[in-house]
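The residues making up each chain are set out below.
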Amino acid sequence: MTDLWSYLQNTSKPIVLYGTGDGADKIYARLCEKNIKISGVFASDGFKKGKEFAGFTVTSYDELKEKLGDMIILVCFGSHLDSVIEYIKALAENNELYLPDVPVCQGEIFDLDFARAHKEELSKIYSLLADEQSRMVFKNTIYFKLTGKLDYLLMCESEKAEAYEILKLNGEHFLDLGAFNGDTVAEFAFYDKDYGSITAVEPDSRNFRKLSENTSRMERVSLINAAVDNKEGSIFISKNKGRGNKQGGKNVEIDSVCIDKIAQKNPFTFINMDVEGSEEKAIDGGINTIIQKPKMLIAAYHRSEDLYAIPLKILEIRNDYKLYMRKHKAIPAWDINYLFI
């Protein structure tokens, strides 16, 4: 088996990039590292005017298709939008198209060398998964990461309702880590209408204002404007225009909190954790809480090692959890979650 990067090194077809953002920067850096040349860059209408990327004037798909003909398209961005995903599906019907997997946060790329180096850990997690759907999601996620083929991604998607059926929420005390603008709070309240309480933690000040507005009419809600870490104090975060913020930047110093400290005021029975690559630190700061075995839904798509490191870390604390895995609609391999029951 070869991975996508090895395949691209040996193809004779022209390679073009679709997109010019952070994902394109990471993918182009990887292509340069592998001495893989590109032949052009295109963007969706409204994003290309006057832009240059990697020495190319950013153009349209139609212009590149007319110029290059049979070409390989590398999709360099992510989206949850149905319209965007359908457009990429349409492109894939008429072109050889891939979605190279690069980590949301910094770190190793999940290529064939990475998979071989961590075969033991990956095999262990596969053996621990609680149902056939989880095993299918796990396998197809790995196949996608290695090949960049859209079909593997589409095969393992399911509706969020399926995850909540596994969780069986009933009057839970909910801790939402990385609450963004309140979308996961609203989702939780929809599936657990008789919830006991909600505590939502969000580091970004702009997102926190939206979170405050969107939860202002809800009862039994507490909000914390801080980042989740392994201890209380302060950290630096690098602000960006996307959904989340990443630790380790130099832009803003903000308060940090840990799960165990927050839980002293409330014995949480359900924890949702999507903290932009800081999941392992958050777990380190919540060992005493996790020992009590709350239900948990933890994002596992920010770093390549998340697929095995996060469940192994949790199961070291409590080895009697049932482990499930689900992926919801998004491209590339985003919205991959482990469920601990």
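Being a predicted model, the structure only gives us computed values, none of them experimental.

Novice: Can you help me understand the sheet that holds strand β8 (residues 197–201) in this one?
Specialist: As a general point, the strands of a sheet are linked pairwise by backbone hydrogen bonds and lie either parallel or antiparallel. One open sheet holds the seven strands; their spatial order is β9-β8-β7-β14-β15-β17-β16, and the pairing between them is mixed. In the strand order of this sheet, the two ends are held by β9 (221–224) and β16 (323–327), each with one partner. Neighbour-to-neighbour, the strand axes of this sheet turn through a mean angle of 15°, independent of strand direction. In this sheet, β9 lies alongside β8 in parallel orientation, the contact comprising four bridges. If you follow V201 over to β9, its bridge partner there is I224. Across the sheet, helix α15 (residues 306–317) touches β15 (295–299), β16 and β17 (336–340), and the angle it forms with β17 is around 15°.

Novice: Could you clarify how one ought to interpret the side chain of H328 in this entry?
Specialist: Within the fold, H328 resides in the loop between β16 and β17. Given the relative accessible area of 6%, H328 is considered buried.

Novice: What is the right way to read empty space enclosed by the protein from this model?
Specialist: The method is simple in principle: a probe with the dimensions of a water molecule rolls over the atoms, and the space it marks as empty is what remains. Under the defined criterion, the tally for this structure stands at two cavities of 30 Å³ or more. Estimates place the volume of the second largest cavity at around 60 Å³. As for the second largest cavity, its lining consists of D101, V102, P103, V104, K145, Y301, R303, S304, P332, A333 and W334. Its residues assigned to classes, the lining of the second largest cavity comprises seven nonpolar, one polar and three charged.

Novice: Before we go on, may I ask you to explain the nonpolar core in this structure?
Specialist: Across soluble globular proteins, you tend to see nonpolar side chains buried next to one another. Counting residues in each nonpolar core, the largest one holds 65 residues, and the members touching the most others are I73, L177, M273 and Y338. With seven residues, α15 is the largest single contributor of residues to this core. Dropping the residues within four chain positions of it, I73 is found in contact with V16, Y18, F42, Y61, N95, E96, L97 and Y98. Judged by nonpolar contacts, the second largest core, of 20 residues, contains L8, A43, C76 and Y98.

Novice: Explain the pattern of salt bridges here, please?
Specialist: Oppositely charged side chains can pair when the atoms bearing their charge come close. The tally for this structure, following the rule as stated, stands at 20 salt bridges. A salt bridge links K89 to E86; its shortest N-O distance comes to 3.2 Å. A residue pair is termed a helical-turn pair when its members lie 3 or 4 positions apart in one helix, as K89 and E86 do in helix α4 (residues 82–94) at three residues. For E86, a relative accessible area of 45% corresponds to the partly exposed category.

Novice: What is the right way to look at helix α11 (residues 205–214) in this model?
Specialist: Owing to its 3.6 residues per turn, the α-helix brings residues three or four apart onto one side. N207, F208 and L211 are the residues of α11 that are buried. Buried residues of α11, viewed axially, fall in a sector of 100°; they line one side. Across α11 from its buried face, at more than 90 degrees, point the exposed residues R209 and E213. At the N-terminal boundary of α11, the capping side chain belongs to D204, with an oxygen 3.1 Å from the backbone nitrogen of R206.

Novice: Help me out: how do you make sense of the packing of helix α9 (residues 160–167) against helix α10 (residues 183–191) in this one?
Specialist: When two helices pack together, their arrangement is given by the angle between the helix axes and the distance between those axes. Two numbers describe how α9 lies on α10: the axes approach to 11 Å, and their chain directions differ by 60°. Taken as axis vectors, α9 and α10 run oblique relative to one another. The two elements α9 and α10 cross, and the hand of that crossing is right-handed. When α9 is examined against α10, the residues K160, A161 and Y164 are found in contact with a partner set consisting of E187, F188 and Y191. Counted by class, the contact of α9 with α10 contains four nonpolar, no polar and two charged residues.

Novice: Please clarify how α9 should be interpreted in this entry.
Specialist: Listed as buried for α9 are A163, Y164, I166 and L167. What you see down the axis of α9 is that its buried residues fit within an arc of 155°, all on one side. Those residues of α9 hidden inside the fold are in contact with α10, β14 (270–273), β15, β16 and β17. At the C-terminal side of α9, K168 shows a positive phi close to 50°.

Conventions and cut-offs
Residues numbered from 1 in each chain as written. Predicted model: local features only at pLDDT ≥ 70, side-chain atom pairs only at ≥ 80, totals over all residues. Heavy atoms only, no water. Pairing = 2+ DSSP bridges. Helix = DSSP H or I, 4+ residues; strand = E, 2+ residues; numbered from the N terminus. Axes fitted to C-alpha atoms, helices over the stretch in contact; angles between N-to-C directions. Contact = heavy atoms within 4.5 Å. Buried < 20%, exposed > 50% of the residue type's maximum accessible area, 1.4 Å probe, protein only. 1 Å grid on protein atoms, 1.4 Å probe; cavity = no way out; pocket = protein on both sides within 12 Å on 5 of 7 lines; lining within 4 Å. Points joined across faces, edges and corners; volume = space filled by probe spheres on them. Nonpolar A, V, L, I, M, F, W, Y, C, P; charged D, E, K, R; others polar. Core = buried A, V, L, I, M, F, W, Y, C linked by side-chain atoms within 4.5 Å. Salt bridge = Lys/Arg side-chain N within 4 Å of Asp/Glu carboxyl O. Arc of directions from axis to C-beta. Polar contact = N/O pair within 3.5 Å; in protein donor to acceptor, adjacent residues only side chain to side chain. Parallel < 35°, antiparallel > 145°, perpendicular 65-115°, else oblique. Left-handed = near helix turned anticlockwise from the far one by under 90°.

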